[in-house]
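# Architecture and fold: a report
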Amino acid sequence: MSKDVTETVEEQSQQITGKSRHVNNKIPDYESFFKGEDLVGNNEGKGFVGRLLNKDKKPIIWASFLFLFQNAPVWVMPLIISDAIDLLATRPENFIFRIIIDAIISVLLILLNIPVTVWRNGILNKTIRSRSAEVKRAVVRKLQKLSITYHREIEEGRIQSKILRDIEGIEVYYRTFLFNFIPYIISAIISSTIAIVKSPVVALFFMVIIPANLLLSYAFRKKLKKDSFVLRKENEQLSAKLTTTLQMMQLTKSHGLNKLEEQEVGKRLEAVKHSGLVLDKTNAWFGSASWVCSQIFSVGCLFFCVFICINGVISSGEVVLFQSLFNSISGLILTLIAIYPSLVSGRDSVRSIAEIMRADDVEVDKNRIVVKNVEGSFIFENVCYHYPNSDKLVVNNFNLSVRQGERIAIVGSSGSGKSTVMNLIIGLLSPTSGEIYIDGVPMSEMSLQSYRQFLSVVPQNSILFSGTIRDNITYGLKNYDEQEFQKAVKDANITEFLDLLPNGIDSQVGEHGDKLSGGQKQRISIARALIRNPKILILDEATSALDNVSEYHVQKAIDKLVHQRTTFIVAHRLSTIRNADRIIVMEEGKMVEVGTYEELMALNGRFCELERMSRIREEEAKIGLEAL
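What counts, and at which threshold
Residues numbered from 1 in each chain as written. Predicted model: local features only at pLDDT ≥ 70, side-chain atom pairs only at ≥ 80, totals over all residues. Heavy atoms only, no water. Pairing = 2+ DSSP bridges. Helix = DSSP H or I, 4+ residues; strand = E, 2+ residues; numbered from the N terminus. Axes fitted to C-alpha atoms, helices over the stretch in contact; angles between N-to-C directions. Expected span 1.5 Å × (residues − 1). Buried < 20%, exposed > 50% of the residue type's maximum accessible area, 1.4 Å probe, protein only. Salt bridge = Lys/Arg side-chain N within 4 Å of Asp/Glu carboxyl O. Patch = residues over 30% accessible without salt bridge, like charges linked within 9 Å, V, L, I, M, F, W, Y side chains within 5 Å. Areas by Shrake-Rupley, 256 points an atom, 1.4 Å probe, with all protein chains shown as cover. Phe/Tyr/Trp six-rings, centres within 6.5 Å; stacked < 30°, edge-to-face > 60°. Parallel < 35°, antiparallel > 145°, perpendicular 65-115°, else oblique. Left-handed = near helix turned anticlockwise from the far one by under 90°. Contact = heavy atoms within 4.5 Å. Nonpolar A, V, L, I, M, F, W, Y, C, P; charged D, E, K, R; others polar. pLDDT = per-residue confidence, 0-100. Core = buried A, V, L, I, M, F, W, Y, C linked by side-chain atoms within 4.5 Å. Arc of directions from axis to C-beta.

### Thoughts on the sheet that holds strand β8 (residues 455-458)
One open sheet holds the six strands; their spatial order is β8-β9-β10-β5-β11-β12, and the pairing between them is mixed. The sheet is open, and its two edges are formed by β8 and β12 (590-595), each paired on a single side. With strand direction ignored, the average angle separating the axes of adjacent strands in the sheet is 15°. The pairing of strand β11 (residues 582-587) with β12 spans five bridges and is classified as antiparallel. Following the sheet pairing, I583 is matched in β12 by G595.

So, in structure tokens, the structure goes:
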């Protein structure tokens, strides 16, 4: 790799856009929306919604303006009713005409509600769904950016729970703000203003209900927050357990552990049920206490207005007006109190997603060299690696120089560090010290995304998704040559079993490839690597799932594939690496032997011992098959 085949992110951006000076490798700005003073504190949810409201202020202002017309009957009707009652009581000149005008205004305001409601809802729904989709994309992108170490440490079921439950909770949270919280605040302000204009004395009575309900909400705040948090954590643990149960279904059945697994899942279900009932009970106490408080104040308002009407302070119509306004304000506050648990739950969902969005264990690609071509030479210079929560080195002072097109095999017992070396080559892990150079360029300065375009990996466990065989082979390739595709299928020995499938190459493989045997799945993985024509090839026990006949054909295909390509091989069957240019023997993260197959066998050292053990396992497996 040299200057003519590499360029910086900035240079590539200038060529693509002609204007922009940087490729947009930045995670969407929604990541910053989840930043707060304290991940588990009270400000997290408030800050998130505040940032969303600021981003959507134009549609929100417009929707709020439309809400004034949509909800006008609620504020105007009490005034009209009050006026009509007073007109009937006093019967001034032209009172019938004024009553007709009141009726016309009432009908027009009611009819206006339909188009305005549709218009306003359209604006808000578009805003909410757009933001929800963008947040989901931001979370998915962040998950893609997070390192393999992060994904190993967090359970898959917990991630699924956050994506399926908590992102939906955030959408409900934002919807509640736009459709309920903001409109109700506007309604309460307008109703209170009407009351103040009509009678400051009665308005003072109105003001009592607001602090009273705020005190009530504050009294239940901590309990609601705690119960909501416990329920979310229990749901995450249940989701993780269900995911594990589904993954282990075959093992569970094979060992007759069905009842044990049912009991374990049952415990988690009971925990979720108990936490849910506790939250339900808290909500019930909160709701009923709020209703009682509201009704007592409503009765008090009615008799207070009647009393001052008797004393000539207000008219009979204004008694009805103030009672309607009070009931309106009281109803709004009750509704706000009713949605308060949803707001608490929504803020907890924000904190849950913030755990992902604020994680800093990410692969950094910004302002790195964009790889345009790879020749395939490697230099490992004092490379060490230990996992974040451990000081033990799983790779210790690894030094190696690899020429372009060389075939390197790495062997060793379980836990010797060979798979970690492979992950370092792929860039899934970064050295904790030392450096890896590819074509003379430090890997730490490369854009990993562009580098991996020249690399293919055949892992030990075949990774297939629900779709056809063709879909799995061509995964990620928008355009491919059919002739090259057919050649990859043939070289990977897939044609051997295609006639047994209902639709040949277009047959469905099932979820995780469950409709295929282990050997068939592995051959699809090999074909996926073949069609990409990589400059660097990584075979992580690629033939471990194949029988001897299939392994022979696939090994021939691999021999063709590795020609003039730098290849790193981790092999279970050591007999398959006879043709490797060099074999690296690892123990406890260190290289203990290096040489060709013949050289290492002549040493009669660790490799020779591993080779003998490998042959014994192969013989035992062969005897077992013959016995069947």
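### Details of the sheet that holds strand β6 (residues 433-438)
Taken in spatial order, the four strands make up an open sheet running β4-β3-β6-β7, and their pairing is antiparallel. Two strands close off the open sheet at either side, each with one partner strand: β4 (395-402) and β7 (441-442). Pairing between β6 and β7: two bridges, direction antiparallel. By the bridge assignment for β7, I438 is matched with V441.

### With respect to helix α18 (residues 518-530)
Spanning 13 residues, α18 covers 19 Å between terminal C-alpha atoms, matching the ideal 18 Å at 1.5 Å per step. Taken across its 13 residues, α18 has 12 buried, putting it largely inside the fold. By the burial criterion, the buried members of α18 are G519, Q520, K521, Q522, R523, I524, S525, I526, A527, R528, A529 and L530.

### Description of the pattern of salt bridges
For side chains of opposite charge, pairing can occur when their charged atoms come near one another. Applying the stated criterion across every chain yields a total of 15 salt bridges. The salt bridge involving R131 is made with D56; its shortest N-O contact spans 2.7 Å. Here D56 lies in the loop between α3 (43-55) and α4 (57-70) and R131 lies in helix α6 (residues 95-145), a separation of 75 residues in the sequence. We classify R131 as buried; its relative accessible area is 14%. For D348, the salt bridge goes to R351, with nearest N and O atoms at 3.6 Å.

### With respect to a nonpolar patch on the surface
Together, I96, F97, I100, I101, I104, I105 and L108 line one region of the surface with nonpolar side chains, adding up to about 650 Å² of accessible area. For I104, a relative accessible area of 43% translates into the label partly exposed.

### With respect to the packing of aromatic side chains
This model, assessed by the stated rule, comprises 12 aromatic pairs. Between F380 and F398 the ring centres are 5.2 Å apart and the planes differ by 85°, which places this aromatic pair in the edge-to-face class. Taken together, the residues span a long stretch of sequence, with F380 in strand β3 (residues 378-385) and F398 in strand β4 at a distance of 18 residues. With a relative accessible area of 4%, F380 lands in the buried category. The interplanar angle of 45° and the centroid separation of 5.7 Å between the aromatic rings of Y480 and F485 together place this pair among those described as tilted. Judged by relative accessible area, which is 31%, Y480 ranks as partly exposed.

### Considering the packing of helix α5 (residues 72-90) against α6
α6 packs onto α5 with a crossing angle of 165° between their chain directions and a minimal axis gap of 10 Å. Of the possible angle classes, the one that applies to α5 and α6 is roughly antiparallel. Crossing of α5 over α6 shows left-handed handedness. Of the residues in α6, those in contact with A72, P73, V76, M77, I80, D83, A84, L87 and L88 of α5 are F95, R98, I99, D102, I105, S106, L109 and I110. For the contact of α5 with α6, the class distribution of residues is 13 nonpolar, one polar and three charged.

### Considering the confidence of the model for the protein
Summing up the model confidence of the protein, the mean pLDDT is 78 and the portion of residues at 70 or higher is 83%. Across the protein, element-level confidence peaks in β3 with a mean pLDDT of 94 and bottoms out in helix α1 (residues 9-17) with 38. Within the model, the stretch residues 1-28 combines pLDDT values under 50 with 52 contacts to residues more than four positions away or in other chains. For residues 37-43, every residue scores under 50 in pLDDT, and the model assigns this stretch 16 contacts once sequence neighbours within four places are set aside.

### Digging into the nonpolar core
General note: in soluble globular proteins, nonpolar side chains tend to be found buried as a group. Ranked by size, the top nonpolar core spans 58 residues in total, and within it F34, F48 and V139 carry the most contacts. Mapped by element, the contributors of at least two residues to this core are α3, α4, α6, α8 (156-198), α9 (200-247), α11 (258-310) and α12 (316-357). In contact with F48, not counting residues within four places along its chain, are F33, F34, I170 and V350.

### Observations regarding the packing of α4 against α5
Their axes nearest at 5 Å, the elements α4 and α5 cross at an angle of 35°. Note on element contacts: α5 touches α4 through A72, P73 and W75, opposite F67, L68, F69 and Q70. Broken down by class, the residue content of the contact of α4 with α5 amounts to six nonpolar, one polar and no charged.

### Considerations on the environment of D540
For D540, the position within the fold is in strand β9 (residues 536-540). Taking the relative accessible area as the measure of exposure, D540 reaches 16% and is therefore buried. The spacing of D540 and A409 is 131 residues in sequence and 9.9 Å in space, taken between C-alpha atoms. What D540 contacts, discounting residues up to four positions off in sequence, is S419, V458, P459, Q460 and V570.

### Considerations on α4
Between its terminal C-alpha atoms α4 stretches 19 Å, which fits the 20 Å expected from 14 residues at 1.5 Å a residue. Of all the positions in α4, only I60, A63, S64, L66, F67 and Q70 are classed as buried. Taken down its axis, α4 places every buried residue within 165° of arc, on the same side. When the buried face of α4 is taken as reference, the exposed residues oriented beyond 90 degrees from it are K58 and I61.

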